[in-house]
Structures are given as structure tokens and as C-alpha cells.
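Secondary and tertiary structure notes
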Amino acid sequence: MSNIGSYEERLQGFDWSIAEQELGYTPGGRINIGWYCSDRICDLGLGQKHALLWEDAQGVAKKFTYDDLRCYSNSIAAFLQGLGIQPGERVCLFMDRVPELYIGFVAILKMGAVVQPLFSAFGDESLWTRLENAQTTAIVTQKKHLPKVRKIKDKLPYLKHIIVVDAPQTTLREGETSFNLDEAPKVDVFEVYPSTAETPSVLHYTSGTTGQPKGAQHVHYSIISQYLTAKWVLDLQADDIYWCNADPGWVTGTSYGIIGPWANGVTQAVLDSGFGTERWYAFIQKYRITVWYSAPTAIRLLMREGTEVARKYDLSSLRHLASVGEPLNAEAVIWSQEAYGLQFHDTFWQTETGCMVITNYPGMPIKPGSMGKPFPGITATVLNPRTFEPVNQVGMVGLIALRPGWPSMIRGYWNNPTGYANKFANGWYLCGDRASIDRDGYYWFVGRDDDVINTGGHLVGPFEIESALLEHPAVAESAAVAKPDPVNMEVVKAFITLKPGFEPSDDLELEIMNFIRKRLSPLAMPQEIEFSPGLPKTRSGKIMRRVLRAREFGEPVGDISTLMDE
Ligand code: 6R9
């Protein structure tokens, strides 16, 4: 039996107080995410249960119980306090997926500071922009990333502390402090900061379509949504071994790579290494992963390798799969059923929403290609882009919009009230995405608000085209973007990477064009196809249509600091 049971029953009379009661939170009282993720689980008698099963690319493995997590997070919190770091100050975590990253996250929240996780593959410029904007006072990093910090530290007047987790003090410079978790005393008693619902917790930087990245400000009350969505959508249960592929530099890696599972007292496994089909399957096999939260690009990469590779491993422990971050093609859902005997459950949400907002639930029939339905506490709709009124028509495409007020919604963009105000219209929060709703209430993603192709007055969704392209036997990855056209305003141009064994040719180009014309419509048919050895992606794995589109329009590409193939 899944945690959510019947979606319809959960919808009736839903109230977030369900989560408040389960967590023993009294409105107006104290609420500290760090405490909930560690001390509370120990108080429930689960101190000896594993919180973290960790392994790196070399196969070095470490295990931490909830009691270890409690004491080690106390050690880090006490250490940061000892440096003079005050509640409310921003402390950046700039590390690979080492245990210190996960435990440090809990620690920073416990001592009342704001945790600012940044992806460790950021170069110095991306790092500087975000530290400068947040006026960050401390950064916790690894020796390998120290040169990037040293390069910019003189341009960061607020940065007072550089803490290095894997280098002895003798190798460090002035202003740099060594902290070694293995040698640190386990602190049993630590006075957790008495944060309340609206106390700032996590500051995530997210890239918009314009301007510099924005700091999305979360508060401690967000745990109410993260706890319950992790329980009902990921279906986390007592005996699960959960694996989230996302790096905590991105919101998925914190909301569901730290807070969600640990607030539920679940054991989670972390693999500190990049993608590799066999490496991933071996990891699932070794740790007997039961619940797996992944992303479409990864799933497509696994698909590319075929089901035979999957058969070489014992993946029978898997019982529930979910996906987030970009459109999950119907083909991928169908393939996962074939490869793993389970379908991936698509979930839609954003840095700004803090928790899943539109999702497929265990037990609910999946319509492959659909993002599912709103989470019970979320009021969602699609709006007419001109009037900002709900379209109220089955199948009509509009802007995905949410009624503000669920617990984990951000409270603003750091130092950017105008940017935040621009996200609202008519009392709705605008996600910046387009979708339609079918007669059963399922949401179908069309594209980013700025990526939809308008050809001859007809809107065409790149996702639809890309999905169809993926059904062609030669296509490994694809992106469809608008190309300016004197007659139709825009036409579709497709960028394609081919599967091994296929070579670009005029014949293949024609064949694929006709394939789409037949499958979809002449409007959706690419007028041009460019074969490319790879497609530009963000470091979190999203194909950046924006970059391709900019090339077509002859515009500057803009901030591509998060590109994977930099
Ligand atoms: C959690 C996360 C948010 C944007 C969002 C949308 C896209 C996320 C999706 C999806 C289609 C899904 N997105 N989930 N598109 N289907 N299931 O990814 O946060 O990095 O802020 O990105 O990602 O465009 O607006 P974030």
C-alpha cells in the first residue's frame, strides 16, 4: 500500500496541517530543518538506522547512522559558531557530493545561518557572481576547489572565512581554516537555533531567461511541504533505500536529496561520481536501492544503452521510480517499464516552488508524457497569456500558474524584489512554463514560456516534436527551436545527435522530416535539421534550447556558465 493511498481521498479536505501534526510542529513554535533531519529521528528511536550510505567513484565507501548525522552536524555547527558566524549569515557549501556537504547542510541550518549550496563544477566567475550577490560570509570547500575561491576572494569584501574539509592547516593560507570531520570531536549536545516558520533557511541560485542568476530564498517552514511530498509522491517508507541523482547544488538535491528523505527518517544512498550506465546499475544492485529519483536526460542516456545492459544487473530491489527537471518523454516511460518493469513517475516543480507541485502518484494510472496532477495542497491552473485568467478549456495551452501560499514557496529573490514581483499576475504565481490540462485533469507540458515556437500563428511545442523525434530509430537526443522565417514568423529547426551506427546524410534528414510531418503535422515538421555530435546542456542536464535558439536568431548566447560542456 502506498503512503498516499487514493489521490481523490487525499484531495478532499486536504490541509498542510497534516504534515504539521505528523512532524509535531505547533504553529508559531520552533521549526528547524536541521533538527528535524537529525535529532528528531534519533528521538524517535532510530539513531542506529543508517541516514547516509556514501560511495565515491573509486569505490571508497562510508556509512553514517542518524546518530552520527546528529553528532557530526553538531560538530560542524559548533565549529562554525566558534569562528563567529552569526545566525542569518550566508554560508556557502562548495563541494563535490562528499559526506561533509550533506552533514554540513544540516549543520548550517542547526546554527541558524542560511545555507547557500553551489554546484562544485562552477568556474570562478559563476561562483563570484553568486557569492557577491548573497554577501556570503563563509565558504566550506575542498582543496581541489580552493584555487577558484582564492582567485576571487579579494573581490568579495564580505567573505571572512574559507573552510577546507580535506587539507591540513599547514597547507593553507591566512584566512583559510582546516576542518576535518574524521578528526573532529563528536559533539553530543548542541543548542539548536530557535528558528521559526519564516526564518530563512536555504538560498538557491537559479538562472532566469534574463539577467544574472537570482537567489531563491527559502524558509524553515518549507520542510512541511518537502516532508509530505517526499512521503506521498516518492512514497518513502521505513525500509526504503532511496537514491536521488541530483547534486545538492540544485534544488532537487536539497529538497529531495537531503530534507525530504531525512525528515522522513529514511536511509539514503549517495554516489559521488558522474553518470555511467554500468556504474549506476552496479550501485543500485550493491545498495539494493528501492526508490530512485532521476531525470529525463539520465533516463535517455540509459535508454541509449538499451535494455540488455540493464539485464546484466540485479535491479529487482527497485520498487518506485520518479523523474524531474525537464519533460519526460512518453517513450522513456514506456521504455522504463520494459527495462525495469516499472514506470518513471514524472514530477514537475521548480527552485521557486521548493517542492513538487504537479506529479504522478503511486497507484494513479500514468498517462505517459503527462506530468500528472497537482499535489493536494496546490491550487494550479493554466492561464490565458494575455488576460491571465484561467483558460477553462480542456486541451487549451496556457501559462502554468499556482495560487501562492503553500509552505515551501520561496519568500522572495535575494535583493531583487522587482524580479520577484514580475513572477505574479492576477494573484497567480507564474512558473514561466506552458501546459494544457486534459479532461481527466492531467497536465501536459508544452515548453518554457519563452521556447514555444509560433509558426504561422500556430503554437507548436518543442517537447512534442522532440518526443516524436526520439521515436525515430536514428535519433539519440534532440532539441527543437524556433528559427526566424519571413513568411511564417518562425519555423521549426531541429538539432539532433544520432545513435551509434548512424551517419548524417541528406537522405536521413529528409526521412526524419517526413517522419515528423507524418507523425505530427506539416507545421511541426522541421524545415531544417542540423546534426550535431552533442547538444548544449546545463550542468543539471537540461538541454539548453535557448543557446540553440540564440544561434538561429543571431543573438548573444548570454550566461552559459552552467553549461556542461564548457
Ligand atoms: C526542480 C527543478 C524548473 C524548470 C521548470 C520547467 C522545467 C521541471 C519538469 C520540467 C517539464 C517536468 N521542469 N520539471 N519541465 N516536465 N517534469 O528542475 O527546478 O531547476 O528551477 O527548473 O524545469 O521548465 O520551470 P529548476
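Residues numbered from 1 in each chain as written. Predicted model: local features only at pLDDT ≥ 70, side-chain atom pairs only at ≥ 80, totals over all residues. Heavy atoms only, no water.

So, the domain arrangement of the chain
We note that the domain assignment places domain 1 (7–437) and domain 2 (450–553) within the chain. Distance from the C-alpha centre of domain 1 to the C-alpha centre of domain 2: 32 Å. Each side of the interface is counted separately: domain 1 has 15 residues, and domain 2 has 16 residues. Regarding the contact of domain 1 and domain 2, the summed buried area is about 1,500 Å², with carbon and sulfur atoms giving 62% of it. (Domains from an automatic or database assignment. Contact = heavy atoms within 4.5 Å. Buried area = accessible area lost by both parts, 1.4 Å probe.)

Side note on the site of the ligand
Taken together, 17 residues lie around the ligand, and Asp-346, Thr-347, Thr-351, Asp-433 and Arg-448 are the ones closest in. A distance of 3.3 Å is found between a nitrogen atom of the ligand and a backbone nitrogen or oxygen belonging to Glu-326. Between the ligand and Thr-351 there is a distance of 2.6 Å, counted from an oxygen atom to a side-chain nitrogen or oxygen. Protein contacts shield 91% of the accessible area of the ligand, which totals 540 Å² for the unbound molecule. (Near = heavy atom within 4 Å. Polar contact = N/O pair within 3.5 Å; in protein donor to acceptor, adjacent residues only side chain to side chain. Areas by Shrake-Rupley, 256 points an atom, 1.4 Å probe, with all protein chains shown as cover.)

Observations regarding helix 14 (residues 330–340)
By the burial criterion, the buried members of helix 14 are Ala-332, Val-333, Trp-335, Ser-336, Ala-339 and Tyr-340. Along the axis of helix 14, the buried residues cluster in a sector spanning 165 degrees; they form a single face. When the buried face of helix 14 is taken as reference, the exposed residues oriented beyond 90 degrees from it are Ile-334 and Glu-338. If you follow the buried residues of helix 14, they end up packed against helix 11 (277–287), strand 12 (291–294), helix 12 (296–305), helix 13 (307–311), strand 13 (320–324) and strand 14 (344–348). (Buried < 20%, exposed > 50% of the residue type's maximum accessible area, 1.4 Å probe, protein only. Helix = DSSP H or I, 4+ residues; strand = E, 2+ residues; numbered from the N terminus. Arc of directions from axis to C-beta.)

What to know about the packing of helix 16 (residues 462–470) against helix 17 (residues 506–519)
Two numbers describe a pair of packed helices, the interaxial angle and the distance between the axes. Two numbers describe how helix 16 lies on helix 17: the axes approach to 10 Å, and their chain directions differ by 120 degrees. Taken together, the axis directions place helix 16 and helix 17 in an arrangement best described as oblique. Viewed along their axes, helix 16 and helix 17 form a crossing whose handedness is right-handed. Residues Ile-465, Ala-468 and Leu-469 of helix 16 lie in contact with helix 17, whose contacting residues are Ile-512, Phe-515 and Ile-516. Partitioning the contact of helix 16 with helix 17 into residue classes produces six nonpolar, no polar and no charged. (Axes fitted to C-alpha atoms, helices over the stretch in contact; angles between N-to-C directions. Parallel < 35°, antiparallel > 145°, perpendicular 65-115°, else oblique. Left-handed = near helix turned anticlockwise from the far one by under 90°. Nonpolar A, V, L, I, M, F, W, Y, C, P; charged D, E, K, R; others polar.)

Quick look at the nonpolar core
Residues Leu-234, Tyr-242, Tyr-256, Trp-262, Tyr-293, Phe-375 and Trp-406 are the most contacted members of the largest nonpolar core, which totals 104 residues. Trp-406 has contacts with Trp-16, Ser-225, Thr-353, Cys-355, Val-357, Gly-377, Ile-378, Arg-411 and Tyr-429, leaving out every residue within four places of it along the chain. Grouped together as the second largest cluster of nonpolar side chains are 31 residues, Tyr-287, Ala-298, Tyr-313 and Val-333 included. (Core = buried A, V, L, I, M, F, W, Y, C linked by side-chain atoms within 4.5 Å.)

Comments concerning unusual backbone geometry
One non-glycine residue, Arg-288, lies in positive phi territory at about 55 degrees. Relative to the assigned elements, Arg-288 resides in the loop between helix 11 and strand 12. Within the chain, Phe-388 stands out as a residue other than glycine whose phi angle is a positive 60 degrees. Residue class for Phe-388 comes out partly exposed when judged on its relative accessible area of 25%.

Quick look at the packing of aromatic side chains
In the structure shown here, the tally under the stated rule is 31 aromatic pairs. The rings of Trp-243, Phe-275, Trp-280, Tyr-281, Phe-283, Tyr-287, Trp-292, Tyr-313, Trp-335, Tyr-340 and Phe-344 are connected pair by pair, giving a single aromatic cluster. In this structure, Arg-403 packs its charged tip against the face of Trp-428, placed 3.9 Å from the ring centre. (Phe/Tyr/Trp six-rings, centres within 6.5 Å; stacked < 30°, edge-to-face > 60°. Lys NZ or Arg CZ within 6 Å of the ring centre and 35° of its normal.)

Describing the sheet that holds strand 2 (residues 61–65)
Taken together, nine strands build an open sheet; the order of strands is 2-1-11-10-12-13-14-15-16 and the sheet is mixed. A strand with exactly one partner marks an edge of an open sheet, and here the two such strands are strand 2 and strand 16 (373–374). Judged from the three bridges that link them, strand 10 (residues 241–244) and strand 12 form a sheet pairing that is parallel. Pairing of Tyr-242 across the sheet is with Val-291, part of strand 12. (Pairing = 2+ DSSP bridges.)

Notes on the pairing of strand 5 (residues 138–141)
Neither face of strand 5 is left uncovered, since the one carrying Ala-138 and Val-140 and the one carrying Ile-139 and Thr-141 both have all their residues buried. Pairing of strand 3 (residues 90–94) with strand 5 involves four bridges; the strand directions are parallel. Among the inter-strand pairings, Leu-93 is bridged to a residue of strand 5, identified as Val-140. Bridge count for strand 5 against strand 6 (residues 161–164) is four bridges, and the pairing is parallel. Residue pairing for strand 6: Val-140 is matched across the bridge by Ile-163.

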